Amino acid sequence: MTIVHANNDNFTTNGHAMIPMFFINGVSLGAIVVWITIQLYGWSLRKQNKIHRRNLLRGLGHKEDDDKTVLGFFHPYCNAGGGGERVLWTAIAHVQRTRPNVVSVVYSGDTDATKQEILAKVQSRFNIELDHSSLEFVFLHSRRWVEDSAWPRLTLLGQSIGSMWLAWEAMSKLIPDLYIDTMGYAFSFHIASLLGRAPIGAYVHYPTISTDMVKRVQSRTRWHTNTDSISSSAFLSQAKLLYYRVFMYYYAVSLRTASFLMVNSTWTKEHIDAILQYSNPILDILNLLPPLVLLKLFTSDSAPKSATIVYPPCDTKELSLFGLEKRERVILSLAQFRPEKDHSAQIHAFHQLLEKHPEYKTDKHLGVRLLLIGGSRNEGDAGRVAQLRGLVGELGIEDHVEFIVNAPYATVLDWLSRASVGLSTMVDEHFGINIVEYMAAGVIPVTHASGGPLKDIVVPLGGEITGMWVFQHLLGIDSGTSPFEIGYHAKTPTEFSEAFHRVLSLSADEEPSNAA
């Protein structure tokens, strides 16, 4: 009995030892099968791509055997008309001028518009004319999976998975010779690399997740990415903090898949560089086990250690010709109607200005208006515009606030030539093309004290602190002349309203003179 009992113990012990080994072997075998399946599917797509490439060249009037390089830009919202789209179209225009052997392809989810309509809008909104014969669109029908409305919970994860699905649709229709993401969908890199075997590049406007976002969750600060229900609960805050850390780890893995990374500002570079160096000891160990160990195959041999700053294009030539005299008492906001732009803060700040200085409402000579011009990309943006209109009505300032949605470029230029104050309330604005446009047009900017406006644009000059007195040589005027206010930073609605009042109270001598 003793011997039998000892043998049973050994059998039981060995059996328990065999269970995890059997599980690990099973997972490893399953991972290998999945990997082989993906490789075979990718091979099939690349074989079919010869037909897709031939049809692309024929459709543009080129010969099949023409020595053409296909440059793919992954930009599902290419028809949105914002600063990110200006970067896209300026890049393509530059390629067309300098690389005649390159055909640019834009992967777009704007299925409600034709190629001709999109390019007409580019001409109208940005004054950029493109050669139709070296530019084509691949229209994607699954863009809904990258909409934030599709993922009310775990939005970052959901949109990232959605971007991979969207990239799969893109690669199944055409595989480019070089894949460049210009919207921030880093998880799509894996699909382009794995199925298309295409080298990867990216122009990052804004990190999908940042260390600032992690800090807000850690400190339980309420934000549009950290709602009351989360920030008020210690348990949910810890759970979200874990989620963010895991997500950041795999976001870093995705970024390292690229061969090069470009960013638009000092703020973005600091965050992307920090993410590229991010590691987690526990996740590092877990990624040595199957099937996660396969993720190492995604990492590029030439993975960047840091990002390169390439400031976004700002066409200021026409803006700099605007006269600076007889400006209207208009506070101008140029920003897409996205949640992070925080238009409600603009309205509240303007309401405080009118409450503290009622003469701005009643005196026809001192009257002030708030004008919000911005693009609306989808139903979510349209709903935000409706909510903002409702807020204006609740505050009783509808006679002093105006909305212009999806304005043509001519309208934007017109108001830049007339307004006195340029407003931006977005926290951690990655760059701020609108701020550059304000300054070039002679509109005094009032911006949030963070991100690109703080670090790259409305910055100290000649030893003076921005927002204090600085010399007119910023606009090319002799520094021996009288100084004037060039811009302000603020954080709260009260600080913004005070800055508005200060700009609106400038005397004629204190206002900037014509720089032309």
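Residues numbered from 1 in each chain as written. Predicted model: local features only at pLDDT ≥ 70, side-chain atom pairs only at ≥ 80, totals over all residues. Heavy atoms only, no water.

By the naming in an unreviewed UniProt entry, the protein goes by GDP-Man:Man(3)GlcNAc(2)-PP-Dol alpha-1,2-mannosyltransferase and is assigned to Ephemerocybe angulata. Reading the Pathway (unreviewed entry) entry of the UniProt record for the protein gives the comment "Protein modification; protein glycosylation." In its Subcellular location (unreviewed entry) section, UniProt records this for the protein: "Endoplasmic reticulum membrane". (UniProt positions renumbered as here; feature names shortened; annotations may be inferred.)

Trainee: I would appreciate a short explanation of the packing of helix H11 (residues 343-356) against helix H13 (residues 379-395) in the present structure.
Mentor: Packed helix pairs are specified by the crossing angle of their axes together with the interaxial distance, meaning the distance between the axes. Interaxial distance between H11 and H13 falls to 10 Å at its minimum, and their mutual angle equals 15 degrees. When the axes of H11 and H13 are compared, the pair comes out roughly parallel. Between H11 and H13 lies a crossing whose hand is right-handed. Of the residues in H13, those touching H11 at His343, Ser344, Ile347, His348 and His351 are Leu388, Leu391, Val392 and Leu395. Broken down by class, the residue content of the contact of H11 with H13 amounts to five nonpolar, four polar and no charged. (Axes fitted to C-alpha atoms, helices over the stretch in contact; angles between N-to-C directions. Helix = DSSP H or I, 4+ residues; strand = E, 2+ residues; numbered from the N terminus. Parallel < 35°, antiparallel > 145°, perpendicular 65-115°, else oblique. Left-handed = near helix turned anticlockwise from the far one by under 90°. Contact = heavy atoms within 4.5 Å. Nonpolar A, V, L, I, M, F, W, Y, C, P; charged D, E, K, R; others polar.)

Trainee: Explain the pairing of strand E11 (residues 421-424) here, please?
Mentor: Regular strands place side chains that alternate from one sheet face to the opposite one. Side chains Val421 and Leu423 project from E11 onto one buried face, and the interleaved Gly422 and Ser424 project onto a second face that is buried too. When strand E8 (residues 330-334) meets E11, the two strands line up parallel, connected through three bridges. Bridge assignment links serine 333 to a residue of E11, and that residue is leucine 423. (Buried < 20%, exposed > 50% of the residue type's maximum accessible area, 1.4 Å probe, protein only. Pairing = 2+ DSSP bridges.)

Trainee: Just checking my understanding: could you explain the sheet that holds strand E1 (residues 69-74) for this structure?
Mentor: The pairing of strands in a sheet happens through backbone hydrogen bonds and is either parallel or antiparallel. Judged by pairing direction, the sheet is parallel, and its seven strands sit side by side in the order E3-E2-E1-E4-E5-E6-E7 without closing on themselves. Every interior strand has two partners, whereas the edge strands, strand E3 (135-139) and strand E7 (308-309), have only one. Across five bridges, the pairing between strand E2 (residues 102-108) and E3 is parallel. Across the sheet, the residue bridging to valine 105 is glutamate 136, located in E3. Relative to the sheet, helix H2 (residues 83-98) contacts E1, E2, E3 and strand E5 (200-204), its axis offset from that of E2 by approximately 160 degrees. Contacting E5, strand E6 (260-263) and E7, helix H9 (residues 266-276) crosses the sheet at an angle of about 145 degrees to E6.

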